[in-house]
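Fold and contact review
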Amino acid sequence: MKKLLTLLFFSLFISSAFAKDCSSEAEKGMNSYQNGQYEQAIDFWKTCTDQGIEHPDLFYNLGNAYFRLGRLGFAIFYYESAHRLNPSDKDIIHNLKHAKSLTKDKVKEAEENPILASIYALHHLISLKGELLIVIGLIWLIAAILLFKVISKSPRNKNICIGAIFILSIFLGIITLSAGYKIFVLETETKGVVTATSADVTSAPHDRSQTLNILSEGTVFKVLSIGNGWVEIQLGEKIKGFVKTTEVGIIDDLL
Amino acid sequence: MKKTNKAPFFNKAAIYFDYFFTFFRYKSSGLFDQKFVILKTMKHFLLFCLLFTISAGARVSIEFDKDRIEAGAPFELRMIVPIQELAEQRETPRLMMRDGFVFRALDSMDTRTADFFGHGIRIRKYIFKLTAPKKVGSFSVGPLSWKVNDKEYELADRIPIEIKKSFNEGALSLSLTPNKKSVYEGEQFSLLLSMRTYEHFEGNVAFTGTELGNDFIAHRSDLKDLKFQPVPGSRTDMESSARFAWLAPMKSGVLTIPPIQVKYTKRGAPKVVEKNHSFGGFSSTFKSISQESVEAEAQSAPITLKVLSLPASLRPVDFTGMVGNYSFEAAFDKSELSIGEALTLNITIKGDGKPGTITDPKLPDFSDFRSVPPENTTSKTIRSGKVITTKTTKIFLYPKKRGTFVIPEITYNWFNPSKKAYETASQGPWEIQVEKGSEEDIATTTVPVPVTVQKQEIETLGQDIRFIHPLNHISSKAHAFYKTIPFWVLLFTPIPLYLLLAAFIRSHRKHISNGALMRKSKAQKNLKQQLQSAKTAMQKNDPRAFYASLEKSLIGFLSDLTNLEFQGMTREQMKETLQKQNLPETQIQQIDSLLEKCSSARFAPLSSISMEVNQEVLKQVEKLCSALEVLK
C-alpha cells in the first residue's frame, strides 16, 4: 500500500512539473482585450493554444476577440470549440447564438416532427456531464438498495426493494442511452465553420469542378471527410459538396 | 443629298442613290430583324427592280455587299456603271475616307444584268474594299469623284453608312463615373451609372455584383431614375444614366472601386436552320435564319480614386471625424423647471459627409441630473445630388435638487473639404433654474419605484456578446468527464463493493447460525471472565470462591471448546468424554488433577491454603487452557 501511494505521489509530481502554464500570456491577453487591442489579445491567447492548451474559457475569449474585430467566421469557430468542451456554459451558448444570428446564410432545416422535437428537447434538457453524474448516482443507489435487500429479513421490505430497483433501472437505462448517444455524436460528428468571407461549395474536390453554392462567413456545416486540401461537407438536406480547407475551420482539429 | 458638278450622263444618279438608301435604311430598322427571311426575298426583288431601272435608265448606282455592316468588319462598296456609258478617257474613281473608315483596295469586274424578259445590259462594278470604323453609329464616306475626259466630277458628297455592333458582342455597355477625381478621407462623392443598349439587346437586366468594397461607407440608390432614352442619331440604341451610389472612403491612399456586373438577354448571331418536309411522296427543304435569345453579362471598368488624408495642422483635439458641410444645433426645451419635471436637450446635426453616419458630440457633465437612455434618430435624404444625413438626439434630464445650474457650451467640429479647413460650431452655455416642486414630484424623483407606479417591461436597447472569462487556472487539457479516471472508478466501484459486502453478510449470517462455532469463538472470552473473577477472589483472600471460579472456568472452557456440557459429569465421565475428543492423555490427567485440587481446596481448612499455592494453581490452569486451544 505504501509503495502504491509513493508511486501515485511521484506520478502526480511528474505531471505537475511538466504541466503547461501560460498564465502570464493569458493575463496579458485579458489586459489587451480590456484596452480594446483585440489583435494583440488574440496574439497572446494564441500563444497558449499553440502550446497545446485547450480550455473552454480560452476559446471563448478568442471568440470574443475575433467577434470584436468583425471576423465572424473565426468567432463562431472558437465559440463552437468552447461549446464542445463545455456545453453547459451559458455565456458560451449566448455568444454563439448571437454570432450565428449575424451570419448571412439561412439554412433550411427539415420540418420537425413534434414528437421527435419533444424527445430531442428532453435529450438536451440535462448536459452530458449532468447525465453521467446521474448515472453514477443511480448505480450507487441501486447497489445500496440491493445491499439493503440482502440485509433485510422482512419479505415486505425485500419486495419494496425489488420495485425500487426496477424503477431506478428504467431511469438508468434511459439516461444511459441519452448520454451514450451524446458521446457517440461527440466522438463521430465533426463540425466546420466558414472562416473566409465566402467559400465555394464545389461538386468535386478540384478547382475545375462546378460551383454548386457559395457559403458566407460564419456558416456552420457538418464535415463528412477531409483530405488533399478539401473537406467534404453537408449542410441541411440539400447542400452537399466540397470546400477548400483554407477557407474553413474544422472544430475537431483543435480538440 | 448634296451634289455638285454633275456630268450629263450622271443626272439620274442622285435619284438612284435615294432609292437605294431608302431601302438600306429600311433594312437597318428594327423591323428587319424579325422578318429577316421575308426581307431577304424582298431585297432580291428590290434589287431586281433597281437593276431594271438601271437598265431602263442606264445610269450609275451604288450598292453594298452586306445588308448589315458591323463595327471593325471589312465590307465592299460597289459603284455600278453601264459599260455603254463609260467614257473612253477616264481614270479610276476615287473615294475619300473619313469617320474612321479604312480603304483597303479597289477592284473592278464586268458582268451583265438580266431583266424579266431576258434582256439586260453589260455593267462594270468598281469595288471599293473598306474596313468599317470600330465605333457604332451613323457615319459617312466620301466624296466619291471620278475624272472623266480630263474633268473631275463629284458623284456624291457623302455616302451615309450605319455601323452596327456585331451580334457576337455585348448588347449592353455600362460604366461608373465618380463626380470627383480625388476626395478627402470621409468626404462624400457619388458614382454615375451610364448604360447604353444596342440593336440586339432584349432586356431582363439584373444586377449580379454590386459590392463596392470594404474601403467605403456607401448609400446605394434605388435606381428609380434609370430611364432609357433613344441615343440621338441612332434608331436602335438607347441610353440612360443615373446616380448609382454615394460613397465616403474610410482610409486614405489610392483606392479602387471594384466593377459592378449585370446580366441581361440579347439576340444571338443569326443561324441558318434547315428543315425537311415530306408530303405525299414529295420532299422539300426550307432554309430559314433564326436568332435565339442568349444570356449575357456586362461589367463596368474598375475605378481608381485618390483619397487624401485630412490635414494634421489645426486639427481639433477632439475631432469628430466628420468630413463635409455640417450644421449643428443644440437647445433645451426650457430654462426653468421644478424638481420632478423633465428637461429635454435636443441636438440636431445635419451634413453631407459619410452617408448614414454621424458621431455624437462630447456632452458636458450632467451629474446634477438623473438621466435616462437618450433617443437617437438618424435619417438620410437625397438633396441636390447628395445624401444628407440628419441625426437627432433627445436627452432627458431630471434635476436631483433645486438651484441654478450652468450647463457649459456644447461644441461640434468637422472638416469642410470645399474650404479645406476645420470648422467648429458651438451652442450654449445655458442657465437652468430648478425650483422645489410639489411633494408628489419630489417623491417621484427621490423614490425610484413607488408602490403605486405601474411596472413596465424593461426595454431591450441592444444586443451584444457577453464579456470574456477570467483565465486564472487554465490547464493543459480539459478532458471530457467521461474520459477521466474518476468517472470510471465511480461508475464501476459499486459492483465489486456490493459483491464484497453481500459475501461478507452471507458469511456472517452463516457463522452466527452455527451454535458450536459461536461457543468456540466465545470460549476464550468466557475463560478470561471466569479467571478474572478467580483473581478477584484471590485478592480478596477468599480461597473457596477462588477455587470455585477456577473450577467453573476450566469446566466452562472445556464445554465451550467441545460444545459438550461437562457441568454435572463425574470425573470418570469427563475423562471418557475427553478421550473421545482425542485429547492427549497427559492433558486429561492434568485436567483431572486440577479439578481434584479445586475440589479438595474448597473443602480444606482455610489456614492450609497459602497464597503461593493459589497462584501456582492459577498459572497451571492458564497454561493448560492455552494448551487446550487445539480443541478449536
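As the structure is a prediction and not an experimental result, all values here were calculated from the model. (Residues numbered from 1 in each chain as written. Chains lettered and ligands numbered in written order. Predicted model: local features only at pLDDT ≥ 70, side-chain atom pairs only at ≥ 80, totals over all residues. Heavy atoms only, no water.)

Secondary structure assignment for chain A yields nine helices and seven strands. In chain A, buried positions account for 38% of the 255 residues. Looking at chain A alone, contacts between residues at least 24 apart form 55% of all its contacts between residues at least 6 apart. Just so you have it, chain A exposes about 15000 Å², and 60% of that area is on carbon and sulfur atoms. (Helix = DSSP H or I, 4+ residues; strand = E, 2+ residues; numbered from the N terminus. Buried < 20%, exposed > 50% of the residue type's maximum accessible area, 1.4 Å probe, protein only. Contact = heavy atoms within 4.5 Å. Areas by Shrake-Rupley, 256 points an atom, 1.4 Å probe, with all protein chains shown as cover.)

So, on to helix H10 (residues 585–603) of chain B. All names here are of chain B. Here H10 is 19 residues long and its end C-alpha atoms lie 27 Å apart, about the 27 Å a rise of 1.5 Å per residue gives. For H10, the complete set of buried residues consists of Gln587, Ile588, Ile591, Asp592, Leu594, Leu595, Cys598 and Ala601. Looking at the buried residues of H10, the elements they touch are helix H8 (543–562), helix H9 (571–580) and helix H11 (611–627). (Expected span 1.5 Å × (residues − 1).)

As a further point, take the environment of valine 617 of chain B. All names here are of chain B. Residue placement: valine 617 occurs in helix H11. For valine 617, a relative accessible area of 4% puts it in the buried group. For valine 617 and leucine 594, which are 23 residues apart along the polypeptide, the C-alpha to C-alpha distance reads 7.6 Å. Setting aside residues up to four positions removed in sequence, valine 617 forms contacts with Tyr547, Leu550, Leu594 and Lys597.

Let us look at the sheet that holds strand S14 (residues 201–209) of chain B. Residues and elements named next belong to chain B. Strand order in the open sheet made by the three strands is S14-S19-S22, with antiparallel pairing throughout. Edge positions in the sheet fall to S14 and strand S22 (293–299), since each of these pairs with one other strand and no more. Ignoring strand direction, the axes of neighbouring strands in this sheet form an average angle of 25°. Here strand S19 (residues 261–267) runs beside S22; their pairing, made up of seven bridges, is antiparallel. Paired with tyrosine 264 across the strands is alanine 296, a residue of S22. (Pairing = 2+ DSSP bridges. Axes fitted to C-alpha atoms, helices over the stretch in contact; angles between N-to-C directions.)

This paragraph deals with the pairing of strand S6 (residues 239–244) of chain A. Residues and elements named next belong to chain A. Across six bridges, strand S5 (residues 230–235) lies against S6 in antiparallel orientation. Counterpart to valine 231 in the pairing with S6 is valine 243. Turn length for the S5-S6 hairpin, with the two strands adjacent in sequence and antiparallel, is three residues, and the turn residue glycine 236 shows positive phi of about 65°.

Let us look at the nonpolar core. One recurring pattern in soluble globular proteins is that nonpolar side chains are buried together. Among the nonpolar cores identified, the biggest contains 34 residues, and Tyr33, Trp45 and Tyr79 of chain A are the most heavily contacted of them. Listing elements by their share of this core, those giving two or more residues are helix H2 (23–34), helix H3 (38–50), helix H4 (56–68), helix H5 (72–85) and helix H6 (90–101) of chain A. Each of two domains, domain 1 (20–101) and domain 3 (190–253) of chain A, supplies a minimum of three residues to this core. If we skip the residues at most four places from it in the chain, tryptophan 45 of chain A touches Glu25, Ala26, Gly29, Met30, Tyr33, Leu58, Asn61, Leu62 and Ala65 of chain A together with Ile468 and Leu471 of chain B. Ranked by size, the runner-up nonpolar core spans 30 residues in total, among them Leu527, Phe546, Leu558 and Leu561 of chain B. (Core = buried A, V, L, I, M, F, W, Y, C linked by side-chain atoms within 4.5 Å. Domains from an automatic or database assignment.)

Residue and element names in this part refer to chain A. With the rule as written, the count across this model stands at one disulfide over all chains. Each disulfide pairs two cysteine sulfurs, and for cysteine 22 the partner residue is cysteine 48, the sulfurs being separated by 2.3 Å. One disulfide, between cysteine 22 and cysteine 48, carries an S-S torsion of 125° and so falls in the right-handed class. Remark: cysteine 48 occurs in helix H3 and cysteine 22 occurs in the loop between helix H1 (2–17) and H2; sequence separation between them is 26 residues. The burial state of cysteine 22 is the same as that of cysteine 48; both residues are buried. (Disulfide = S-S within 2.5 Å.)

Residue and element names in this part refer to chain A. Helix length check: H3, at 13 residues, gives a terminal C-alpha distance of 18 Å against a target of 18 Å (1.5 Å per residue), a fit within 8%. Along H3, the residues that are buried comprise Tyr38, Ala41, Ile42, Trp45, Cys48 and Thr49. One side of H3 holds all its buried residues, which, seen down the axis, span an arc of 115°. Away from its buried face, by an angle of more than 90 degrees, H3 presents the exposed residues Glu39, Asp43 and Asp50. In this fold, the buried residues of H3 make contact with H2 and H4. One or two positions beyond H3, positive phi appears at glycine 52, with a value near 90°. (Arc of directions from axis to C-beta.)

Any two side chains of opposite charge can pair, given that their charged atoms come close. Residue and element names in this part refer to chain B. Inspection of the entire model under this criterion finds 28 salt bridges over all chains. Measuring nitrogen to oxygen at the nearest pair gives 3.2 Å for the salt bridge that ties arginine 68 to glutamate 70. By relative accessible area, which is 18% here, arginine 68 ends up buried. Among the salt bridges present, the one from arginine 124 reaches aspartate 110, with a minimum N-O distance of 2.7 Å. Residue arginine 124 is located in strand S6 (residues 122–131), and its partner aspartate 110 is located in strand S5 (residues 102–112); the two are separated by 14 residues in the primary sequence. Residue class for aspartate 110 comes out partly exposed when judged on its relative accessible area of 39%. (Salt bridge = Lys/Arg side-chain N within 4 Å of Asp/Glu carboxyl O.)

What follows is about the interface of chain B and chain A. Residue-level contacts link 31 residues of chain B with 48 residues of chain A. Together, the buried faces of chain B and chain A total about 3600 Å²; carbon and sulfur atoms form 68% of this surface. On inspection of chain B and its partner chain A, the count reaches three salt bridges. At the surface where chain B touches chain A, the tally comes to 14 residue pairs in polar contact (both at pLDDT 80 or more). Looking at the side of chain B that touches chain A, the elements that each hand over two or more residues are helix H5 (485–492) and helix H6 (494–513) of chain B. Tallying contributions element by element places H6 of chain B first for the side of chain B that touches chain A, with eight residues. A per-class count over the side of chain B that touches chain A returns 18 nonpolar, seven polar and six charged. (Buried area = accessible area lost by both parts, 1.4 Å probe. Polar contact = N/O pair within 3.5 Å; in protein donor to acceptor, adjacent residues only side chain to side chain. Nonpolar A, V, L, I, M, F, W, Y, C, P; charged D, E, K, R; others polar.)

Right, let's get into the packing of aromatic side chains. Evaluation of the coordinates by the stated rule reveals 28 aromatic pairs over all chains. Seen from their ring centres, phenylalanine 201 of chain B and tyrosine 264 of chain B are 5.8 Å apart, and the 40° between their planes marks the pair as tilted. A residue pair is termed long-range when its members are at least 10 positions apart, and phenylalanine 201 of chain B in strand S14 and tyrosine 264 of chain B in strand S19 qualify at 63 residues. The class for tyrosine 264 of chain B is buried, based on a relative accessible area of 1%. Between tyrosine 326 of chain B and tryptophan 414 of chain B the ring centres are 6.0 Å apart and the planes differ by 50°, which places this aromatic pair in the tilted class. With tyrosine 326 of chain B in strand S24 (residues 326–332) and tryptophan 414 of chain B in strand S31 (residues 410–416), the pair connects residues that are 88 residues apart, well separated along the chain. Each member of the pair, tyrosine 326 of chain B together with tryptophan 414 of chain B, is buried. Taken together, the aromatic side chains of Phe59, Tyr66, Phe74, Phe77 and Tyr78 of chain A make up a single cluster linked through ring pairs. Between the NZ or CZ atom of lysine 129 of chain A and the centre of the ring of phenylalanine 481 of chain B, over which it lies, the distance is 5.8 Å. (Phe/Tyr/Trp six-rings, centres within 6.5 Å; stacked < 30°, edge-to-face > 60°. Lys NZ or Arg CZ within 6 Å of the ring centre and 35° of its normal.)

Coordinates in, geometry out; function isn't part of it.
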